[in-house]
Amino acid sequence: MKPIVAILIALALPAAASAAGATKASAAREIALAKPKLRVAASMNDQWTPTVAALKQAETAERKGDFATAQAKAMRARKLAELSIAQAMQQKKLWVNEVPR
Amino acid sequence: MKFAYLALALLVMTPGALASNKPDPASDLKAFQGYFLKRFPKIPLAAYVNGPYDFSKSERAQWKQIMEFPPYQFALDHGRKLFEAKFPNGKSYAACFPHGGIGIAQNYPMFDPKTGRVVTLGIAVNRCRVANGLGKLKLTTGPMADILAYMTDTSRGKTIDVTVPDNPKALAAYQAGKQYFYSRRGQLNFSCASCHVQAAGMHLRGNVLAPALGITASFPLYRSKWGNMGTLVRRFIGCNKKVRSVPDKPDSAAYRDLAYFLTSMSDGLPIAGPGARP
């Protein structure tokens, strides 16, 4: 059990640390990095609703001056978009496996 | 070097590769319907239009009671009035369709060779409106669902006959719909087939998942959850949202093609719409 807790803390720390040191510039940079990923996901017809929600939350937080939240949410949006892009790429080949024969 | 290219070409042109590249709606139909008939041998082909009610005795009993006073009846009456009403120019919907729009729903969606796109019955109704100087109706619910309910009712019992012509664009649209149906999407990583093929007849919380075979035959339908009528595209949007995928626009190519593929897989089954579902 202990190693799992340690791994979870290790995974959570970088995001928390990066969000903790967030500035207006760093939050804006994260949002700017996320947006193109979302555009790619949309162009592949595989945008996820939590991705859009996370980016919206990031932009709202940025407007309110909550740069830590803005940065964390933008990072989440980017990661989710990357996962959806990977899903869309994989499904281009894998969808045939679901066809009844 | 030539031999290397030849060997590579032969490797690529395996029967499997050819089968997956060349759309073959007739073979797909046989495999698709055969899959369900083999998996649920006690359910006759035509009964698949009953969707979840083939799998739950209690839900079937409730449905039969509900159908004594069909919840879509108001929509049906309203749809008839709208369908028969004259446009400001004196024409009506009947002028836009063969047979005056009566008993034609079993042939939709259909491929339009002029535009190279799939046309659902809802899109055809909107085309008719635009051609007669009216605005488009929302494709998901409201007056459109009522008009479609009436038009579909005039086809009740007729066998679905959605043909895919030997036209490269029609075959491409069919194939795109097929790919959409079987592709996993959304954060929950579900395809349409995950629920309506692989998990057909099983429970998802309190609901029985309807098989994909025959699923389009009852649309538009009154859904108790909605509390009103909804079209097939409304159901597509709802399914997409459930798996946390951003839905397409109601008149998008993706949904047109999906409806085209999915309805063609129910060829030979009777129209049973408008329907009622939980």
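Residues numbered from 1 in each chain as written. Chains lettered and ligands numbered in written order. Predicted model: local features only at pLDDT ≥ 70, side-chain atom pairs only at ≥ 80, totals over all residues. Heavy atoms only, no water.

A. Region of the structure containing the overall build of chain A. For chain A, the count of helices and strands is 4 helices and 0 strands. A burial count over chain A gives 34% of its 101 residues as buried. The long-range fraction of contacts in chain A, counting pairs at least 24 apart against all pairs at least 6 apart in sequence, stands at 75%. (Helix = DSSP H or I, 4+ residues; strand = E, 2+ residues; numbered from the N terminus. Buried < 20%, exposed > 50% of the residue type's maximum accessible area, 1.4 Å probe, protein only. Contact = heavy atoms within 4.5 Å.)

B. A look at the overall build of chain B. Across its full length, chain B holds 11 helices and 7 strands. When the 278 residues of chain B are sorted by exposure, 51% land in the buried category. The contacts in chain B between residues at least 6 apart in sequence include a share of 69% that link residues at least 24 apart. Carbon and sulfur atoms make up 61% of the accessible area of chain B, which totals about 13700 Å². (Areas by Shrake-Rupley, 256 points an atom, 1.4 Å probe, with all protein chains shown as cover.)

C. Focus on the packing of helix α2 (residues 24–43) of chain A against helix α3 (residues 49–64) of chain A. Residues and elements named next belong to chain A. Packing of α2 against α3 leaves a shortest axis separation of 11 Å and a crossing angle of 155°. Between α2 and α3, the angle falls in the class roughly antiparallel. Classified by chirality, the crossing of α3 by α2 is left-handed. Residues Ala28, Ile31, Ala34, Lys35 and Leu38 of α2 pack against Thr51, Val52, Leu55, Ala58, Glu59 and Glu62 of α3. (Axes fitted to C-alpha atoms, helices over the stretch in contact; angles between N-to-C directions. Parallel < 35°, antiparallel > 145°, perpendicular 65-115°, else oblique. Left-handed = near helix turned anticlockwise from the far one by under 90°.)

D. Expanded view of the interface of chain B and chain A. Between chain B and chain A, the residue contacts involve 23 residues of the former and 17 residues of the latter. The contact between chain B and chain A buries some 1700 Å² in all, and 54% of this surface belongs to carbon and sulfur atoms. Considering only the side of chain B, the residues that lose the most area to chain A are Tyr182(B), Gln187(B) and Val246(B), jointly responsible for 32% of the buried surface there. Where chain B meets chain A, there are 1 salt bridge. With its nearest N and O atoms 2.6 Å apart, the salt bridge here joins Arg184(B) to Glu98(A). Summed over the shared surface of chain B and chain A, the number is 11 residue pairs in polar contact (both at pLDDT 80 or more). Secondary-structure elements contributing two or more residues to the side of chain B that touches chain A are α3 (25–39), α8 (168–182) and α9 (192–198) of chain B. Considering every element that reaches the side of chain B that touches chain A, the biggest residue donor is α8(B), with 5 residues. (Buried area = accessible area lost by both parts, 1.4 Å probe. Salt bridge = Lys/Arg side-chain N within 4 Å of Asp/Glu carboxyl O. Polar contact = N/O pair within 3.5 Å; in protein donor to acceptor, adjacent residues only side chain to side chain.)

E. Region of the structure containing the pattern of salt bridges. Evaluated as defined, the whole model comprises 10 salt bridges over all chains. Among the ionic contacts, a cluster of salt bridges with common partners joins Glu30(A), Lys37(A), Arg78(A) and Glu82(A).

F. Spatial organisation of the sheet that holds strand β5 (residues 221–223) of chain B. Residues and elements named next belong to chain B. Across the sheet, which stays open at both edges, the 3 strands sit in the order β6-β5-β7 with mixed pairing between neighbours. On the outer flanks of this sheet lie β6 (228–230) and β7 (275–277), each paired with one strand and no other. Looking at each pair of strands side by side, their axes are set apart by 35° on average, direction ignored. With 3 bridges joining them, β5 and β7 adopt parallel strand pairing. Looking at β7, one finds that Tyr222 is bridged to Ala276. (Pairing = 2+ DSSP bridges.)

G. Main features of the nonpolar core. Residue and element names in this part refer to chain B. Core analysis: the biggest nonpolar cluster contains 67 residues, and Phe32, Phe36, Phe181 and Tyr260 have the highest contact counts within it. When contributions to this core are tallied by element, the ones reaching two or more residues are α3, β2 (117–119), α6 (121–131), α7 (143–153), α8, α9, α10 (232–242) and α11 (253–264). Setting aside residues up to four positions removed in sequence, Tyr260 forms contacts with Pro109, Met110, Phe111, Val118, Val162, Thr163, Val164, Pro165, Ala170, Ala173 and Tyr174. (Core = buried A, V, L, I, M, F, W, Y, C linked by side-chain atoms within 4.5 Å.)

H. Here's a closer look at the packing of aromatic side chains. Residue and element names in this part refer to chain B. Under the definition given, this model contains 16 aromatic pairs over all chains. The rings of Phe32, Tyr35, Phe36, Tyr48, Tyr174, Phe181, Tyr182 and Phe261 are connected pair by pair, giving a single aromatic cluster. A cation over a ring is seen here: Arg185 above Tyr180, with NZ or CZ 3.7 Å from the ring centre. (Phe/Tyr/Trp six-rings, centres within 6.5 Å; stacked < 30°, edge-to-face > 60°. Lys NZ or Arg CZ within 6 Å of the ring centre and 35° of its normal.)

I. Broad picture of the state of the cysteines. All names here are of chain B. Counting across every chain of the model gives 1 disulfide over all chains. Note on cysteine connectivity: Cys96 is disulfide-linked to Cys128, with sulfurs 2.0 Å apart. The disulfide joining Cys96 to Cys128 has a torsion of about 70° about its S-S bond and is therefore right-handed. With a gap of 32 residues between them, Cys96 in the loop between α5 (73–84) and β1 (110–112) and Cys128 in helix α6 connect regions that are remote in the sequence. Cys239 supplies the cysteine sulfur nearest to Cys192, a cysteine that is in no disulfide, at a spacing of 6.8 Å. Owing to a relative accessible area of 22%, Cys192 belongs among the partly exposed residues under this scheme. Residue Cys239 is classed as partly exposed on the basis of its relative accessible area, which comes to 28%. (Disulfide = S-S within 2.5 Å.)

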